[in-house]
Amino acid sequence: MADHHGCNSSDTYCILTGLNCGETAVISVVTVGRGCWSKPSLPLLFQSAPCPPTQLHVDSSCDSNNISVSWQASHGSVSYMVVAENEQGQRWLCNTSSTSCSIAGLQCGQQYQVYVVGVDEKCIGDKSNIEEITTAPCVPWNIQNDLDCLSGVLNITWQSTGYAPHFHASVASSKGDVSMCITDMHHCIVQGMQCGLTYSVTVVSQVDACNSSHSPIEQVATVPCVPQMVTAEMLCSDNMGVVSWEEGEGVSSYMLQAFGPSGHQIECNNTKSSCQLPHMRCGQLYNLTVTALDGRCDNSQSYLNLQSVPCRPTDVKASLQCHSNSVAVTWKAASGAVSYHAVGVTSDGTHQTECNNTMTSCKMSELQCGQTYNVSVFGQDESCSSVESETIFVQTAPCPPQGVIVDAVCDEGAMSVSWSHNPDAHYFHVVAASHNGARLYCNSSGTVCTFENLPCGDSYNVTLVSVRNDCESEPSPAVEIHSGPCALTSINTVTQCNSDSILVEWEMSNETSFYIVTAEGHGQPMISCNSTSSSCELQDVRCDMHYSITVSASSDKCSSLRSPPTRIKTVPCTPNNLTVMSTCEDNGPMATWAHSPVATSYLMTAVGKDGHTENCNTSVNNCTLADLHCGQPYNLSVTARGDNCTSEPSAASFTTVPCPPSTLTVDFECEDIAAILTWTSAEGAVKYYGRAQTMEGEILSCDSADNSCTIKGLQCGGMYNFSVEASDSFCNSSLSAPVEKGAAPCAPTALDVRMQKIDQNDWLMSSWETVNCSGVEYLVEIFGRIQDNSQALMSLSSYWLSVPYFETLMPCGTTYNLTVRSRNSAGTSKPSRAFTGVTVPCAPMNVQYSGSSQSAVLSWEASVLATSYSVYDVSGEGIVVLCTTAGLSCQLTNFSPGSIAVTASNAVGESLPSSNMTGPVGTRRKRHLRASMIHANIDKALGIPNILNVALNGVSIHVRWTPVKDATEYTLIMVEEQREQHYQPRVRIVEGSFYTETDLKPSTTYCIRLAARTPISQSNYSRPKCRTTGASK
């Protein structure tokens, strides 16, 4: 049932109360008057204010200044408005149609009232319950740190905003240690700060369980720590102090101060962990202060002491204590020294002695005698030694005499004492004490003392001391010397030739029953024998010796008290060092050997391989043998003869001078102008020397280990005396019998032979290269077979020519060999290499034809050496070749037998025409006289070409000449002027009147000749024209 509410009013409005929130009411109005109600007005709908939200819940966070609000929905509310209002009346709103809402951006450290109201289209409802909250505390700011350098207490201050009942200050060291301070004030005091660290300071505000964010970190460095591990030491050699420490945190630099007792002050600044204190004064204890500096608190200091190097001792003195050979050293005390070290070093540096003491003196012992010591003193403390004091010099006691030798001079009843020189002593004191208590004395500033008039049979102990000023050395080791019994007499010695012993005999002494026999030879070890009787045999006696033999009692150490010496000579030794020296003369070699001091003469015997014997007697140690046989090995022996004995022979061998070579023969090599010498071997020769001597005395030579050698460099045409001598590498024989012989010229080379037809005759034209020798003549020899018939031989010789060419008629159809010899005053050469050639064939014989003049076969007999045949028609003005064939016939037409001529040809030329021809009877005709035209044409000589120009271009030659009438071609020959043996000239067959030859040798002279040619003849050659090519291509 619906609630009813009403109000009365005499005005036009009234207020309804008691309405429920969030409800819709129907309102109507009635008029009341005189007890009557009017009809209600039209109803009007009315919405009451929304209900207040319930179950309000507010969430806040310490991490931010935001809140989250939630509630239970209320009747009549279309939306909601959340309100957060601080104490100053500032509001933060949030509108939402849901039942939760967040408000951001609230101020830190503030208290807020939070509520929610419902809202509809017209009204805002009543507030919900109010929740009070406080936002997160504000972060403290303006943090200030104040460190007290003396106490190390840190005072922290800050400022804050908003509500904050408590503050937490955090102080964290660089080592990780953290200190906390909780206060409700704006400052905090932290004690117990550690030195040398950097602290990070932060502050937070606290409200209940909620803390603000940390304030920005502020760094604060504490007081530097007092330097730790501080050590100080001296660099003694540099008189410099070195102080080091452990580097501390937060220190920018260190300051080191040293204060000496005399007011001397040294200061050092460094950023590292050490410092040096140079130029410290000796012997002072310095107070050291090390201060760590950071630019703010400079009050951290360490303290220690450092003792500087001791001062050097002064007024050093040294004195020798002769009896103990020691030195006492004194000095004045040195500042800073707790002990002293004295050093003595010999002047040559070979010995050093030391002594130590805490007082101002010490004693050096175990000194070497005879030395000068350089003495110096050092002051010392626990770590350092002072600079060396000034050096003083002190001499030790002299050394005992060295090299003491005591010799008894028995012949004079004395003894001599000698010793080595000692420059350190002024004189020497010698004491000789006998076994019977007698003492003998001798002083000497030299190195010898002599005691005279000593009795024999006594013994002495001899000692010496060196004396310098009043200081004596230790005595030398005692040397015992004995004076022996009286000398023995009647000594007899016996030696034999084939024995190495000497028998010695004497008369026995009543005092001694044991004897010693000694034999002394010059430069040889002493030999001796012992005996208790009156004789003794000395063994191992050497040959070639003069021995001095003495006999003494066994206790005798005095050589001068022995028996008088007896001298004896032993057998001569076999002569040694036998040397044979060849004198290379006919009278033989000279032999030498070592001289024997006991030999009276020598016998030398030489026996040759052929049995020849030669002897030589001499009193000296050399001999020359004469009249020995040449080239013979000899065995040589030498014996030495003494007074009664002869030595064993020594032996040697030698070979006499070689015999001269025999049967010398001489052959010439004309190409090299050399002579080949051969001979018969000579006895004892290992090498031979050949020689050639000119009539003027000039000598050429050769050598060989064989039986021949070649002498080069002879002059062509020269006469020589040839000989040879043998050598055994040490001596040369006499020359062989001389052979006189001349250097004949060589045979000519480069023969040029050709056939030339002149006036119907065949001429042989020959030429050759001249021989490079003076006064040379030439002889041409021709041997041939006419018609190549072994029964028809020909032999032709020229007379001796002075020119290098020869011409002669030759029969046709002949084969021949041509050679040339040369000669001069030295002899005649061998024949040159033969030129083999042939002449032109003879005219064909038995020429005949068969047939008629219209057609005939012409035939003939073969001509010896012919290779082809030609048939000519000579009826007209000229000559017409009708047929050329290698056979013996030819087919002819329309010919006239009286005008026919037949010739035979070979490579050399063409024969004369045949003179007779036969044919069928009735057709024979007398040969037409015009056939002689063939002869005329064959015999007609061509003109010789005239060379117009020879031009050079490097290694090419261009030749031009005048044409020759009737010539069909030309023969051009190019010959090198300096040509080698077997050289082949360049031959060219050329048509025309010029020619160019290329690829010639550089720097070479060429001579050019030219001849005109027809098929059946050739002219003579032109005179040569010579040109030299260029140096290179």
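Residues numbered from 1 in each chain as written. Predicted model: local features only at pLDDT ≥ 70, side-chain atom pairs only at ≥ 80, totals over all residues. Heavy atoms only, no water.

1. Structural notes on the overall build of the chain
Heads up, the condition is: In this text, helices come from DSSP runs of H or I with a minimum length of four residues, and strands from runs of E with a minimum of two, each type numbered from the N-terminal end. In this setup the radius of gyration rests on C-alpha atoms only. A globule is expected at 2.2 Å times the number of residues raised to 0.38. Think of it in three bands: residues with accessible area under 20% of the maximum for their type are buried, residues over 50% are exposed, and the middle band is partly exposed, with areas taken using a 1.4 Å probe on protein chains only. When checking whether two residues touch, look at their non-hydrogen atoms; a contact exists if any pair is within 4.5 Å. Areas reported here follow the Shrake-Rupley algorithm with a probe of radius 1.4 Å; residue values treat only the protein chains shown as occluding.
Scanning the chain from N- to C-terminus turns up one helix and 86 strands. The C-alpha radius of gyration of the chain comes to 77 Å, more than 25% above the 31 Å expected for a compact globule of 1033 residues. Along the first, second and third principal axes, the C-alpha atoms of the chain reach 220 × 160 × 55 Å. Looking at the chain as a whole, 42% of its 1033 residues are labelled buried. Considering only contacts within the chain whose residues lie at least 6 apart along the sequence, 58% involve residues at least 24 apart. On the chain, roughly 54,700 Å² of surface is accessible, and the fraction owed to carbon and sulfur atoms is 49%.

2. Overview of unusual backbone geometry
The phi angle at Q55 is positive, at roughly 50°, despite the residue not being glycine. Structurally, Q55 is set in strand 5 (residues 54-60). On the accessibility criterion, Q55 (61% relative accessible area) is exposed. Phi angles above zero are rare outside glycine, and T663 is one such case at about 50°. Exposure remark for T663: the relative accessible area of 55% places this residue in the exposed category.

3. Overview of the confidence of the model for the chain
The cut-off we apply is this: Within a predicted model, pLDDT stands for the predictor's per-residue confidence, ranging from 0 to 100.
Confidence in the prediction of the chain, expressed as mean pLDDT, is 84, and 94% of residues score 70 or more. When mean pLDDT is compared element by element in the chain, strand 30 (residues 339-346) scores highest at 93, while helix 1 (residues 932-939) scores lowest at 47. Contacts of residues 921-936 to residues separated by more than four positions or lying in other chains number 30 contacts, the stretch itself having pLDDT below 50.

4. Section: the state of the cysteines
To keep it simple, the criterion reads: Cysteine sulfur pairs qualify as disulfides if the two atoms are within 2.5 Å.
Applying the stated rule across the entire model yields 21 disulfides. Between C236 and C384 runs a disulfide, and the two sulfur atoms are separated by 1.7 Å. Measuring handedness by torsion sign, the sulfur bridge of C236 and C384 sits at about -75° and is left-handed. Taken together, the positions of C236 in the loop between strand 21 (228-235) and strand 22 (240-246) and C384 in the loop between strand 33 (372-380) and strand 34 (392-395) put the pair 148 residues apart, joining distant regions of the chain. Overall, C236 belongs to the partly exposed group, its relative accessible area being 25%. The exposure class of C384 is buried, given its relative accessible area of 3%. Two residues share a disulfide in this structure: C1007 and C1026, whose sulfurs sit 2.0 Å from each other. On the sign convention where negative is left-handed, the bridge of C1007 and C1026, at about 105° about the S-S bond, is right-handed. Of this pair, C1007 sits in strand 84 (residues 1005-1014) while C1026 sits in strand 86 (residues 1025-1028), and the two are 19 residues apart along the sequence. On the basis of relative accessible area, C1026 is assigned to the partly exposed category, the value being 32%. Left unpaired, C123 is separated from the closest cysteine sulfur, that of C21, by 12 Å.

5. Description of the nonpolar core
Our working rule: Think of a nonpolar core as a cluster: buried Ala, Val, Leu, Ile, Met, Phe, Trp, Tyr and Cys residues, connected wherever their side-chain atoms sit within 4.5 Å.
Counting 20 residues, the largest nonpolar core has L154, I156, W158, V171 and V201 as its most contacted members. Setting aside its immediate chain neighbours within four residues, W158 contacts P140, W141, N142, I143, F167, T183, M185, H186, H187, C188 and V203. Counting 19 residues, the second-largest nonpolar core is a separate cluster that includes L256, I266, C275 and L277.

6. Details of the pattern of salt bridges
Our working definition: Whenever a carboxyl oxygen of Asp or Glu lies within 4 Å of a side-chain nitrogen of Lys or Arg, that contact is scored as a salt bridge.
Applying the stated criterion across every chain, the model contains 14 salt bridges. Here K757 and D762 are joined by a salt bridge, their closest N and O atoms 2.8 Å apart. No difference in accessibility class separates K757 from D762, as the two residues are buried. The partner of E997 in a salt bridge is R986, and the shortest N-O contact between them spans 2.8 Å. Placement of E997 in strand 83 (residues 994-997) and of R986 in strand 82 (residues 986-990) is noted, with a sequence separation of eleven residues between them. Each member of the pair, E997 as well as R986, is classed as buried.

7. Some thoughts on the pairing of strand 15 (residues 166-173)
The criterion, for reference: Note on pairing: DSSP must find at least two bridges between two strands before they are called paired.
The buried count for strand 15 comes to six of eight residues, which makes it a mostly enclosed element. Direction of pairing for strand 15 relative to strand 18 (residues 198-207): antiparallel, over a ladder of eight bridges. For S173, the partnering residue across the bridge sits in strand 18 and is Y199. Inspection of the sheet shows strand 15 paired to strand 16 (residues 178-183) by six bridges, in the antiparallel sense. Looking at strand 16, one finds that S170 is bridged to M180. Connecting the antiparallel pair strand 15 and strand 16 is a turn made up of four residues, with G176 showing a positive phi of about 100°.

8. Notes on the side chain of S956
Secondary-structure assignment places S956 in strand 80 (residues 956-961). Relative accessible area serves as the criterion here: at 18%, S956 is assigned to the buried category. The contacts of S956, once residues within four sequence positions are left out, are A951, E997, T998, D999 and L1000.

9. Considerations on the environment of T12
Considering the arrangement of structural elements, one finds T12 in the segment before strand 1 (24-27). Classification of T12 as exposed rests on a relative accessible area of 83%.

10. Points about the environment of K830
Residue placement: K830 occurs in the loop between strand 70 (827-828) and strand 71 (835-838). Note on K830: relative accessible area 69%, which makes it exposed. Along the primary structure K830 and S213 are separated by 617 residues, whereas in three dimensions their C-alpha atoms are 140 Å apart. For K830, the contacting residues outside a window of four places in its chain are A747, V820 and R821.

11. Section: the sheet that holds strand 33
Selection rule: Interaxial angle, 0 to 180 degrees, is taken between N-to-C directions of lines fitted to C-alpha atoms, where a helix line uses only the stretch in contact.
Within the open sheet, the four strands sit side by side as 31-30-33-34. Their pairing is antiparallel. Either end of the sheet is taken by a strand with one partner, and the two such strands are strand 31 (352-357) and strand 34. The sheet shows a mean angle of 25° between the axes of neighbouring strands, taken without regard to direction. Of the strand pairs in this sheet, strand 30 and strand 33 are connected by eight bridges, and their pairing is antiparallel. Of the residues in strand 33, the one forming a bridge with S339 is Q380.

12. Comments concerning the layout of surface pockets
The line we're drawing: Method remark: on a 1 Å grid restricted to protein atoms, a set of points is classed as a cavity if a 1.4 Å probe fits but cannot get out and as a pocket if it is open with protein on both sides within 12 Å along at least five of seven lines; lining residues have an atom within 4 Å of a point. Grid points are joined across faces, edges and corners, and a volume is the space filled by probe spheres set on the points. In this classification, Asp, Glu, Lys and Arg are treated as charged, Ala, Val, Leu, Ile, Met, Phe, Trp, Tyr, Cys and Pro as nonpolar, and every other residue, Gly included, as polar.
By volume, the second largest pocket amounts to about 960 Å³. If one sorts the elements of the lining of the second largest pocket by residue count, strand 1 sits on top with four residues. Per-class residue counts for the lining of the second largest pocket are 15 nonpolar, eleven polar and three charged.

13. What to know about the environment of T314
In this structure, T314 sits in strand 28 (residues 314-321). Using a relative accessible area of 39% as the deciding quantity, one classes T314 as partly exposed. C-alpha separation for the pair T314 and S650, spaced 336 residues apart in sequence, amounts to 84 Å. The contacts of T314, once residues within four sequence positions are left out, are W331 and K332.

14. What to know about the packing of aromatic side chains
Rules: Centres within 6.5 Å are what make two rings of Phe, Tyr or Trp a pair, Trp counting through its six-membered ring; a difference in plane orientation under 30 degrees is then read as stacked, over 60 as edge-to-face, and the rest as tilted.
In total, this model carries 14 aromatic pairs according to the counting rule given. Ring geometry for Y720 versus F722: centroids 5.9 Å apart, planes at 45°, classification tilted. Using a relative accessible area of 2% as the deciding quantity, one classes Y720 as buried. Pairing Y816 with F835 gives two aromatic rings, centres 6.4 Å apart and planes at 40°, and the pair type is tilted. In this pair, Y816 is assigned in strand 69 (residues 814-824) and F835 in strand 71, connecting sequence segments 19 residues apart.

15. Focus: the sheet that holds strand 68 (residues 805-809)
Strand order across the open sheet formed by three strands is 64-65-68, with antiparallel pairing between neighbours. With partners counted over all chains shown, the strands left at the sheet margins are strand 64 (752-758) and strand 68, one partner each. With strand direction ignored, the average angle separating the axes of adjacent strands in the sheet is 20°. The pairing of strand 64 with strand 65 (residues 761-767) spans seven bridges and is classified as antiparallel. Residue pairing across strands places R754 opposite M765, the latter belonging to strand 65.

16. Here we look at the pairing of strand 25 (residues 274-277)
A one-sided burial pattern is seen for strand 25, the buried positions being C275 and L277 and the unburied ones S274 and Q276. In the sheet, strand 22 pairs with strand 25 via four bridges, with the strands oriented antiparallel. Within strand 25, the residue paired with V243 across the bridge is C275.

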